[in-house]
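Structural overview
Spelled out, the chains give:
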Amino acid sequence: MNRDWWQVGRADFAHSHDIRVRFNEVDPQSIVFNGNYLIYADIAVTEFFRALGNGQPGGFFAQYGTDIVVVNAEVDYHASARLDEVVTLSARIARFGRTSFTIHVAIFRGDERLTDMALTYAHVELDHSKAVPLPGSFIAEVRRFESRTPIQH
């Protein structure tokens, strides 16, 4: 996947949320176990949608009788977070497709980038049987909120 859109700084993220690394999230070396970064991404997405004014990620789409589901996740690890550190989870919608969107989540320790993740969500009917076009009002709301305009495909 072309990841040119990952080359952004902290200021390019519309929303950030701090968390402290807890004991249950680390391995015996006191570094965050790799799978827990996807849990952090889920927290970042939830907080992003809360800041957007929609509460939970699926909450916005309920008004249309639709839902969103993750169809792809990619993770690049740059450095490790450690027990009791405060890390910043930053999220932005980086790309819109016709029936999907990609959220870029980056995790920072201060100015050091620890992780980049791309989570692609499909917009689907409630029974998840069919992908449907993203609502124009959602795209417009995100464009108003984002500090950097998402790529449109």
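Residues numbered from 1 in each chain as written. Predicted model: local features only at pLDDT ≥ 70, side-chain atom pairs only at ≥ 80, totals over all residues. Heavy atoms only, no water.

As a further point, take the pattern of salt bridges. If you walk through the whole model with that rule in mind, you get 7 salt bridges. In this structure, the salt-bridge partner of Glu25 is Arg22, at a minimum N-O distance of 2.4 Å. Exposure remark for Glu25: the relative accessible area of 5% places this residue in the buried category. Exposure remark for Arg22: the relative accessible area of 49% places this residue in the partly exposed category. Note that Asp116 is salt-bridged to Arg113, the shortest N-O span being 2.8 Å. Take Asp116: its relative accessible area is 4%, and that puts it in the buried class. Among the charged side chains, a salt-bridge network with shared partners connects Glu85, Arg109 and Glu112. (Salt bridge = Lys/Arg side-chain N within 4 Å of Asp/Glu carboxyl O. Buried < 20%, exposed > 50% of the residue type's maximum accessible area, 1.4 Å probe, protein only.)

This paragraph deals with the pairing of strand E5 (residues 112–125). Within E5, 11 of the 14 residues are buried, leaving the element largely enclosed by the surrounding structure. Where strand E4 (residues 100–109) lies against E5, 10 bridges are found, and the strand directions are antiparallel. Note that in E5 the partner of Val105 across the bridge is Met117. The hairpin formed by E4 and E5 contains 2 residues between the paired strands, and Gly110 there has a positive phi angle of roughly 65°. (Helix = DSSP H or I, 4+ residues; strand = E, 2+ residues; numbered from the N terminus. Pairing = 2+ DSSP bridges.)

Moving on to the side chain of His15. The residue His15 is located in strand E1 (residues 15–20) in this model. At 3.5 Å, the side chain of His15 forms a polar contact with the backbone oxygen of Glu47. Excluding residues that lie within four positions of it along the chain, His15 makes contacts with Glu47, Phe48, Ala51, Leu89, Ser90, Ala91 and Phe145. (Polar contact = N/O pair within 3.5 Å; in protein donor to acceptor, adjacent residues only side chain to side chain. Contact = heavy atoms within 4.5 Å.)

Another aspect to go through is the packing of aromatic side chains. Throughout the structure, instances matching the rule amount to 12 aromatic pairs. Measuring from centroid to centroid gives 6.1 Å for Phe13 and Phe108, while their planes differ by 80°, and the two rings are edge-to-face. Placement of the pair is Phe13 in the segment before E1 and Phe108 in strand E4, with a sequence separation of 95 residues. Phe108 carries the same exposure label as Phe13, and that label is buried. For the pair Phe49 and Phe101, a centre-to-centre distance of 6.5 Å together with 55° between the ring planes defines the contact as tilted. In this pair, Phe49 sits in helix H1 (residues 36–52) while Phe101 sits in strand E4, placing the two residues 52 residues apart along the sequence. Ring pairing ties together the aromatic residues Phe48, Phe49, Phe61, Phe96, Phe101, Tyr121, Phe138 and Phe145, which thus form one cluster. Cation over ring: Arg10 sits above Phe108, and NZ or CZ is 5.1 Å from the ring centre. One residue, Arg92, lies across the ring of Phe13, its end atom 5.7 Å from the ring centre. (Phe/Tyr/Trp six-rings, centres within 6.5 Å; stacked < 30°, edge-to-face > 60°. Lys NZ or Arg CZ within 6 Å of the ring centre and 35° of its normal.)

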